[in-house]
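Chain and residue survey
Read off the chains here:
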Amino acid sequence: MNYIEIDKNHLWHPYNSLPSKSPIWAVKKTKKSKIYLEDGTVLVDGMSSWWSAIHGYNNKKIYKALKTQAKIMPHIMFGGLTHKPASILAKKLVDLTQLNSVFLCDSGSVSVEVALKTAILYQKAKGREKYKFLALENSYHGDTLGAMSVCDPNNSMHSLYGDYLSENIFVKAPNLGIKADFDEALKDLEEKLIKHHKDIAGFILEPVVQGAGGMRIYNPEYLEKAKELCLKYDILTIFDEIATGFGHTGKMFAFNHTNIKPDILTIGKGLTGGTLTMAAMLTTKDISDVISSSSIGVLMHGPTFMANPLACSVANASIDLLLNSSWQKRVLKIEKYFKKKLEILKTSSLVKDVRCIGVIGVVELKDDTNAAKLQEFCVENKVWLRPFGKLFYSIVAYNIGKKELKKIINTMINAIEYLEKEK
Ligand SMILES: *Cc1c(COP(=O)(O)O)cnc(C)c1O
């Protein structure tokens, strides 16, 4: 069976045409921080499968959890029934986040949908008809319609769907830089709040790092000030930590860089260590109490595969792995190394900015014509990176070997040199 041919004829890939106009590489297997291609090439993984494979691939403890649970009960409906893996996971998430009420679902985008619906129901239960959301410029919150409606309208796919998308209100994102000032962004927020607060149910944002919308690192203090303003106007804060959660920024959650917590939190990606699809929405006890004791009474959402026992067991194993490791030390070490090595690219005429936090190393280019060339250069040099637009970046597993990390960083540096020569 020529599965490359079948792929070409029948399979959509993310954000792609059918058949794909760009190369698609066939993967045979994975191990730790390595990707083995069908053609025999072995790539060092610099993407951790879009922020998810935080322990690298094929972890033994995760495999064991999956196998054990598969024998006992791969799936059971969650309507009217419950099980141990879900309860254990809920308790772990509550302990980690200091929030109270957990909704388990299948993907990040769905958890964002549930978060938006929950915020609307909460406001309704409080007697307020509020159907709009605030979001940051450069935001990315997922690909389903509700999630898309809170993604940056200029930076995303809004224009394709016209009136079908709900209209929301966007505010200036805080300046780039973990210590940068954010006066302008805060001022814009206050102005929009004064004008629109009666319509706004919640403010959704990715704390500290805006991911797919620009890989932008900003000052955590902004979150504290923004929450203060939201409280004043009865607006819920919704932190989308689908990308940043589980240690990517050097803290368990990015909001742990602050002294506040959100009213609503979404998590996903790293939740199962990149093994199965699962996400969650968490809220304060106040939110679930207010909805449940109102005339609305219930949270109207219930996916078929809600709280899938396999995914719960794997998530439990992944969280245990993380908590029983010196992950924070490792992440900070990786951050230091990224910073030290990538710094050199700041002098390149092609590079606009270099920024790093936790296991995330970002090189922002001045123009966006080179992603495909960069990608091919990296594969030729046996490293898997997936640049998009102006962003050439790496997110690595916390237990990546020093040799592998060095290889990724050197390849990033060489790739920019290669582009310079090509020019
Ligand atoms: C990836 C991502 C999502 C969407 O998650 P999916 O699992 O791809 O649906 C939402 N928000 C943020 C911040 C993300 O990075």
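Residues numbered from 1 in each chain as written. Predicted model: local features only at pLDDT ≥ 70, side-chain atom pairs only at ≥ 80, totals over all residues. Heavy atoms only, no water.

Right, let's get into the site of the ligand. Close contacts around the ligand come from S107, G108, S109, Y140, H141, G142, E206, D240, I242, A243 and K269, and that covers them all. Within the backbone of G108, an N or O atom sits 2.9 Å from an oxygen atom of the ligand. A distance of 2.7 Å is found between a nitrogen atom of the ligand and a side-chain nitrogen or oxygen belonging to D240. If the ligand stood free it would expose 380 Å²; the protein chains cover 82% of that surface. Here the shell around the ligand is composed, by residue class, of 3 nonpolar, 5 polar and 3 charged. (Near = heavy atom within 4 Å. Polar contact = N/O pair within 3.5 Å; in protein donor to acceptor, adjacent residues only side chain to side chain. Areas by Shrake-Rupley, 256 points an atom, 1.4 Å probe, with all protein chains shown as cover. Nonpolar A, V, L, I, M, F, W, Y, C, P; charged D, E, K, R; others polar.)

Burial runs high along strand β7 (residues 200-205): 6 of the 6 residues are buried. In this sheet, β7 lies alongside strand β5 (residues 132-136) in parallel orientation, the contact comprising 4 bridges. Bridge pairing in β7 places K132 opposite I200. Examined bridge by bridge, β7 and strand β10 (residues 236-240) share 4 bridges and lie parallel to one another. Within the sheet, the bridge partner assigned to I204 lies in β10 and is I238. (Buried < 20%, exposed > 50% of the residue type's maximum accessible area, 1.4 Å probe, protein only. Helix = DSSP H or I, 4+ residues; strand = E, 2+ residues; numbered from the N terminus. Pairing = 2+ DSSP bridges.)

In this section: the nonpolar core. Ranked by internal contacts, the top residues of the largest apolar core, which has 125 residues, are L93, L189, F203, Y222 and F246. When residues of this core are assigned to their parent elements, the largest contribution, 8 residues, is made by helix α14 (residues 402-422). Three or more residues apiece are contributed to this core by two domains, here domain 1 (3-58 + 326-422) and domain 2 (61-323). Filtering out sequence-adjacent residues up to four positions away, L93 remains in contact with Q98, V102, L104, F246, I267, L271, A280, L282 and I319. (Core = buried A, V, L, I, M, F, W, Y, C linked by side-chain atoms within 4.5 Å. Domains from an automatic or database assignment. Contact = heavy atoms within 4.5 Å.)

The next thing to look at is a nonpolar patch on the surface. Where nonpolar side chains cluster on the molecular surface, the patch consists of M1, Y3, I4 and I6 and spans about 430 Å² of accessible area. Mapping I4 onto the fold places it in helix α1 (residues 3-10). (Patch = residues over 30% accessible without salt bridge, like charges linked within 9 Å, V, L, I, M, F, W, Y side chains within 5 Å. Salt bridge = Lys/Arg side-chain N within 4 Å of Asp/Glu carboxyl O.)

In this structure, K130 sits in the loop between α5 (108-125) and β5. Taking the relative accessible area as the measure of exposure, K130 reaches 4% and is therefore buried. For the pair K130 and V396, spaced 266 residues apart in sequence, the C-alpha to C-alpha distance is 40 Å. In contact with K130, not counting residues within four places along its chain, are I120, Q123, H197, K198, D199, I200, A201, Y233, D234 and I235. Within polar-contact distance, the side chain of K130 engages the backbone oxygen of H197 at 3.1 Å.

Here the focus is the pattern of salt bridges. A side chain with one charge can pair with a side chain of the opposite charge if their charged atoms come near. With the rule as written, the count across this model stands at 16 salt bridges. Salt-bridge contacts for K232 lead to E190; the nearest nitrogen and oxygen are separated by 3.8 Å. Here K232 is found in helix α9 (residues 221-232), whereas its partner E190 is found in helix α8 (residues 183-196), with 42 residues between them in sequence. Taking the shortest distance from any N to any O, the salt bridge between K346 and E343 comes out at 3.8 Å.

Attention shifts here to the domain arrangement of the protein chain. Segmenting the protein chain into domains produces domain 1 (3-58 + 326-422) and domain 2 (61-323). In this structure, domain 1 and domain 2 have C-alpha centres spaced 26 Å apart. Domain 1 puts 25 residues into the contact, and the matching count from domain 2 is 30 residues. Carbon and sulfur atoms make up 70% of the area that domain 1 and domain 2 hide from each other, which totals about 2,200 Å². The largest contributions to the domain 1 side of the interface with domain 2 come from W51, W327 and I357, which together make up 32% of the buried area. Counting the contacts that link domain 1 with domain 2 gives 0 salt bridges. At the surface where domain 1 touches domain 2, the tally comes to 11 residue pairs in polar contact (both at pLDDT 80 or more). (Buried area = accessible area lost by both parts, 1.4 Å probe.)

Take the sheet that holds β7 next. Read across the open sheet, the 7 strands follow the order β4-β12-β11-β10-β7-β5-β6; overall the sheet is mixed. Every other strand in the sheet has two partners, leaving β4 (101-105) and β6 (169-171) as the edge strands with one partner each. Taken pair by pair, the neighbouring strands of this sheet meet at an average axis angle of 20°, ignoring direction. Summarising the sheet, strand β11 (residues 264-267) and strand β12 (residues 279-283) pair through 4 bridges and their orientation is antiparallel. Bridge assignment links T266 to a residue of β12, and that residue is M281. Here α9 sits on the sheet and contacts β5, β6, β7 and β10; the angle it forms with β7, its principal contact strand, is near 175°. (Axes fitted to C-alpha atoms, helices over the stretch in contact; angles between N-to-C directions.)

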